[in-house]
Amino acid sequence: MSEKKSLNKIVTDLTKPIKNHRWFMLWILFLLSVMGFGLFGWITQLTEGLGSTALTDYISWGLYISGFIFFVATALIGMLISSVLGLLGIKWITPIARIAELIAVGFAMWAGLIIVFDMGRPERLLNVFIHGRLQSPITWDVTVVMTYVTISILLYLLPLIPDMPFLKKTMTDAPKWKQKIYSILSFGWVGSPEQYKIIKRSIKVLAVLIIPVALAIHTVTSWLFAMTPRIGWDSTIFGPYYVTGAFVAGGAAVMIAMYVFSRTYNLKEYITDFHFDKMGKLLVLLMLVYLYFNINEYIVPGYKMKQGDDIHILNLFVGHNAKLFWSVQICGMILPLILFLFKRMRKPLPAMIISIAIVIGAFFKRYIITVPTLEHPAFPADNVPAEYLIYWPNWVEWSITMMAIAGAILIVTILAKLFPIMPIWEVAHEEGITNEEMNEFEV
Amino acid sequence: MLNKNITFAVIFGLMLLFSIDVDAQWNIPAGEKDKKAPTEATVDMALKGKTLYMKNCKACHQVPKTTNLKPPAPTDLGSEEYLTSRTEGETFFQTFKGNGGSMGGFEGRLSEDEVWDIVHYLGTFRAGSTIDLASVQQDLDLKVNLKEDGHKIVAVATNAGVPAGDVKVLFSVKRYFGNLTLGVAKTNANGYAAVSFPNDLPGDKSGNAEIIVKFANQDRFGKKEVTKTVNWATVLHVENMTEQRAMWGTDTPLWLLFIYFGITIGVWLGIIYVVFQILKIRKVAN
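Residues numbered from 1 in each chain as written. Chains lettered and ligands numbered in written order. Predicted model: local features only at pLDDT ≥ 70, side-chain atom pairs only at ≥ 80, totals over all residues.

Notes on the domain arrangement of chain B
- Here chain B is partitioned into domain 1 (22–134) and domain 2 (138–230).
- Averaged C-alpha coordinates put domain 1 of chain B and domain 2 of chain B at centres separated by 34 Å. (Domains from an automatic or database assignment.)

Quick look at the structure:
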């Protein structure tokens, strides 16, 4: 953030990566092959039924639903960064807000799809719309996921509009379809004060709107569990517990994306050590809040050891899920929290590595929330094969979940290849470039 | 199921072993031997005793006088040999207390009076007994007529076409758990007995109730039973829990409907507003 950058430099720096296709195809090919394997898994599941997975009558919410919560969680970061911090007028989020929004769009869309993968008869999803009861949290979840995806897409799209003229002017050698997209998405943008007013007002409306919707999407997701009286899910703090956990997961995902984009897109001048440092500090705050909720969620029932709860808590603390439980709690939350307290650890590379640990921890934390409860059926389990009460996903679930992860990354990748990863006009504003200068921009 | 059967077999086997081992001596306290029944035996007592015997004793002791089991099989309690060697008091004690071995006591399962009824029944097999059960047992016919006027249930008892008087008839109505007695009436000389159906008894959703008419003393008059459906009961109004607007029903509670659509419509109006704003951008280009 030292000397001022010229508009010409900003436009060149930000449009260069979307012209350069080195390694891009290889990366896409890799993602598609992962998805292809997942598709094979899904076809297997569709033809042979859910019996081809490790799911059983008792443990019917396995890796898929854990993955679903993880995806919704990760998608939540868009709201925190571009909306909450944006409305607070925090300046350093400008270069990373779109990254956060990209992650929100990619992961929220696939979150909805994972629910379909969890269904043995996906065509019956329609029944939710035909016969859905408003009393059921499932209906609320479907509604809120769709709403969140829509707002996230709009919130991604809106700040793109003023960038379109720059793209039209610089991407002259791009294929026709691309030019067409730029033209359509510019919505006749010329940069008049009236247009700026509209765009700023609309962004503000959405930014305010997305806060309750985002809180709702993850609170409702938590209610899918907490609205049942089952041990381990029957908790009054599940809503905020999920939301804070989501911010941690999403914040770490943004950190990884920041690292990847600043390196591959050569944008170190824009996403600087300063941003990593700020994100690191933000993650410390989020993880402290999350730690606080974890203490409440596990220590309170652990202290009381109510009948029924004790089986679950002991299973997590010292039982057959203990290894996974302590791994995610220590490697996915406590250690990263301590490490991020040191300035040296908030440098890009260590921050990215720590964030990977957080994201992996976050994924398996959802698994720890979902599966152990199901391993203790609420009703008497007579004459049940022993293997029905222990769950570990098989290749079908893994391949389909990998397809979802690759799919979300694919959406991020493609959108980041079609459009600049940062809003040119907002970066320009930060550098003190006026609207008039931007309107008069020529290559 | 298999486990249950095995457990059963093991217990039964142990019982058998145990019983052979300790087919205990009968230690009947001195006072018990001369104990007398509180009342003289009557036909009805003996009949009741017969029913109780068939229910509780027959499984081991067989029908009196019909067995020729060899020891250690249970004694034929109707045999001359048994009856002449025991007093009433001894039989009572043996039945009530048992011998702590193969013969279990019925104390707690049968009342003293019931055990005495059994003793009286066995007494009918004694030489010189004045009670001849075979001659007093009848198999009466039972018919039921319904009179709409006053909601009367009329029972007609006949013995081979001849009206049977002085027979107690039990009128009851079927409920969820067992039968509710409406009344007991004795037949008159014409064989008629009647009770009125109460006017405040709940029936089903259309006011139907099932009445059951039988002889009060089935041991003596036979097990004829007539059931009829009458439409005299009050109509039952049961609210179907799933039909109301409730969290568990199919219809959404209004407050939830209001909140859900309030929030959803509110948010989507915001979204639609923004979409229109985007479309407005072109219009205000100049």
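Structure shown, so let's carry the discussion forward.
Focus on the interface of chain B and chain A
- Tallying the contact residues gives 20 residues for chain B and 23 residues for chain A.
- Counted by class, the side of chain B that touches chain A contains 12 nonpolar, six polar and two charged residues. (Contact = placed C-beta atoms within 7 Å. Nonpolar A, V, L, I, M, F, W, Y, C, P; charged D, E, K, R; others polar.)

Quick word on the nonpolar core
- Ranked by size, the top nonpolar core spans 138 residues in total, and within it A:Phe71, A:Ile103 and A:Val254 carry the most contacts.
- Of all the elements, helix H5 (residues 94–117) of chain A adds the most residues to this core, at 16 residues.
- Residue contacts for A:Val254: discarding those within four places in its chain leaves A:Ile77, A:Ile81, A:Ile96, A:Ile99, A:Ala100, A:Ile103 and A:Met279.
- Counting 23 residues, the second-largest nonpolar core is a separate cluster that includes B:Ile153, B:Ala157, B:Phe171 and B:Phe215. (Core = buried A, V, L, I, M, F, W, Y, C linked by C-beta atoms within 7 Å. Buried ≥ 20, exposed ≤ 12 C-beta atoms within 10 Å, placed from the backbone. Helix = DSSP H or I, 4+ residues; strand = E, 2+ residues; numbered from the N terminus.)

Considering the sheet that holds strand S5 (residues 179–186) of chain B
Residues and elements named next belong to chain B.
- Ordered by their spatial adjacency, four strands build an open sheet running S5-S4-S7-S8, and the pairing between neighbours is antiparallel. Both edges of this open sheet fall to S5 and strand S8 (225–230), since each of them pairs with a single strand only. On average, each strand axis in the sheet is tilted by 20° relative to the strand beside it, whichever way the strands run.
- Relative to S5, strand S4 (residues 168–174) is paired through seven bridges, and the arrangement is antiparallel. Counterpart to Phe171 in the pairing with S5 is Gly183. (Pairing = 2+ DSSP bridges. Axes fitted to C-alpha atoms, helices over the stretch in contact; angles between N-to-C directions.)

Quick notes on the packing of helix H10 (residues 193–226) of chain A against helix H10 (residues 254–283) of chain B
- Their axes nearest at 10 Å, the elements H10(A) and H10(B) cross at an angle of 160°. As judged from the angle between their axes, H10(A) and H10(B) are roughly antiparallel. Remark: the crossing between H10(A) and H10(B) carries left-handed chirality. In contact with A:Gln195, A:Ile198, A:Arg201, A:Ser202, A:Val205, A:Leu206, A:Leu209 and A:Val213 of H10(A), H10(B) contributes B:Val267, B:Gly270, B:Tyr273, B:Val274, B:Gln277, B:Ile278, B:Lys280 and B:Ile281.
- The residue inventory of the contact of H10(A) with H10(B), partitioned by class, reads 10 nonpolar, four polar and two charged. (Parallel < 35°, antiparallel > 145°, perpendicular 65-115°, else oblique. Left-handed = near helix turned anticlockwise from the far one by under 90°.)

Observations regarding the confidence of the model for chain B
- For chain B, per-residue confidence averages 86 on the pLDDT scale, and residues scoring 70 or more make up 90% of the total.
- With pTM at 0.71, the complex prediction returns an ipTM value of 0.87. (pLDDT = per-residue confidence, 0-100.)

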